[in-house]
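Each chain, letter by letter, is given below.
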Amino acid sequence: SDRDESPVGGMTALGVHMIDTFRYFAGPIDRVSVMSKQLWAAGRTDDISVINMEFARGPLGQLATSIVLPKTTTTAVVGTSAAVWNEDDGHHLYVQPVDETTRTEVSVEPNDTIADEIDAFARAVIDGEQPETGGVEGLEVVAVLEAMVASATSGQPAEVHVFK
């Protein structure tokens, strides 16, 4: 409940994991523009944050987080030939080609993301496998979060500076 501990509201605790997903789909993030504010929550934490992202390869992305609204998780990728998105934190996957007016649900096998994460960590330690998200990726996520805080504070877009 403290802005100093959780800058940009729910982005710090929850949304930061979505940066990995965005990077997976579109590559490194070059610039962000953030609006974040406290509307309803008690304490000093922003409860609504909207983040616009520009990727190095050109695409744009948007991420919204809230610590007070009902939990919903939808991830979408929209291209020139189709849109693909999931709802309910990956339990429902939909595809809609650009020339069709309705979506089609694709069957997916939901997994326990925490168990999957722990299993991947164990394989990295025991077998030396490269983690899906390692130290370099972690540094990039921190750099994006730092740019988000800078943008939310200044009200201006912020460049992402990754130090390697």
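Computed from a predicted structure; not experimentally measured. (Residues numbered from 1 in each chain as written. Predicted model: local features only at pLDDT ≥ 70, side-chain atom pairs only at ≥ 80, totals over all residues. Heavy atoms only, no water.)

Further remarks concern a negative patch on the surface. Where like charges cluster on the molecular surface, the negative patch consists of D112, D116, E117 and E132. The residue D112 is located in the loop between β7 (104-106) and α2 (113-127) in this model. (Patch = residues over 30% accessible without salt bridge, like charges linked within 9 Å, V, L, I, M, F, W, Y side chains within 5 Å. Areas by Shrake-Rupley, 256 points an atom, 1.4 Å probe, with all protein chains shown as cover. Salt bridge = Lys/Arg side-chain N within 4 Å of Asp/Glu carboxyl O. Lys, Arg positive; Asp, Glu negative; His and termini not counted. Charge placed at Lys NZ, Arg CZ, Asp CG, Glu CD. Helix = DSSP H or I, 4+ residues; strand = E, 2+ residues; numbered from the N terminus.)

Moving on, we come to the pattern of salt bridges. Counted according to the given criterion, the structure contains five salt bridges. A salt bridge links R31 to E54, with the shortest nitrogen-to-oxygen separation between them at 2.8 Å. Here R31 is found in strand β1 (residues 29-37), whereas its partner E54 is found in strand β2 (residues 48-55), with 23 residues between them in sequence. Owing to a relative accessible area of 34%, R31 belongs among the partly exposed residues under this scheme. Here E87 ties to R103 by a salt bridge, and the two come within 3.4 Å at their closest N and O atoms. Taken together, the residues E87 in strand β5 (residues 82-87) and R103 in the loop between β6 (92-97) and β7 connect sequence positions 16 residues apart. Given a relative accessible area of 24%, E87 falls into the partly exposed group. If you follow the salt bridges from partner to partner, you end up with D119, R123 and E129 in one network. (Buried < 20%, exposed > 50% of the residue type's maximum accessible area, 1.4 Å probe, protein only.)

As a further point, take helix α1 (residues 10-26). Compared with an ideal rise of 1.5 Å per residue, which puts 17 residues at 24 Å, α1 spans 22 Å between its outermost C-alpha atoms and is within 8% of the ideal. Bending of α1 peaks at approximately 45 degrees at the position of V16. All of the buried residues along α1 are G10, M11, G15, V16, I19, F22, R23 and A26. Of the surrounding elements, those touching the buried residues of α1 are β1, β2, β3 (60-66) and α3 (135-154). Of the residues trailing α1, G27 is marked for its positive phi of about 90 degrees. (Expected span 1.5 Å × (residues − 1). Bend = angle between axes of the 7 residues up to and from the residue. Contact = heavy atoms within 4.5 Å.)

Glancing now at α3. Between its terminal C-alpha atoms α3 stretches 29 Å, which fits the 28 Å expected from 20 residues at 1.5 Å a residue. Among all positions of α3, only E140, V141, A143, V144, L145, A147, M148 and S151 are buried. Of the residues one or two after α3, G155 is the one with positive phi, at around 80 degrees.

What follows concerns the nonpolar core. One finds M11, I19, I29, V32, I51, M53 and M148 to be the most contacted residues of the largest nonpolar core, which totals 21 residues. Among the elements of the structure, α1, β1, β2 and α3 are those that each provide at least two residues to this core. Counting residues per element, this core draws most heavily on α3, which supplies six residues. Those residues within four positions of M11 in sequence are excluded, and the remaining contacts are V16, I19, I51, L63, T65, L145 and M148. (Core = buried A, V, L, I, M, F, W, Y, C linked by side-chain atoms within 4.5 Å.)

Everything listed here is a matter of geometry and, on its own, says nothing about what the molecule does.
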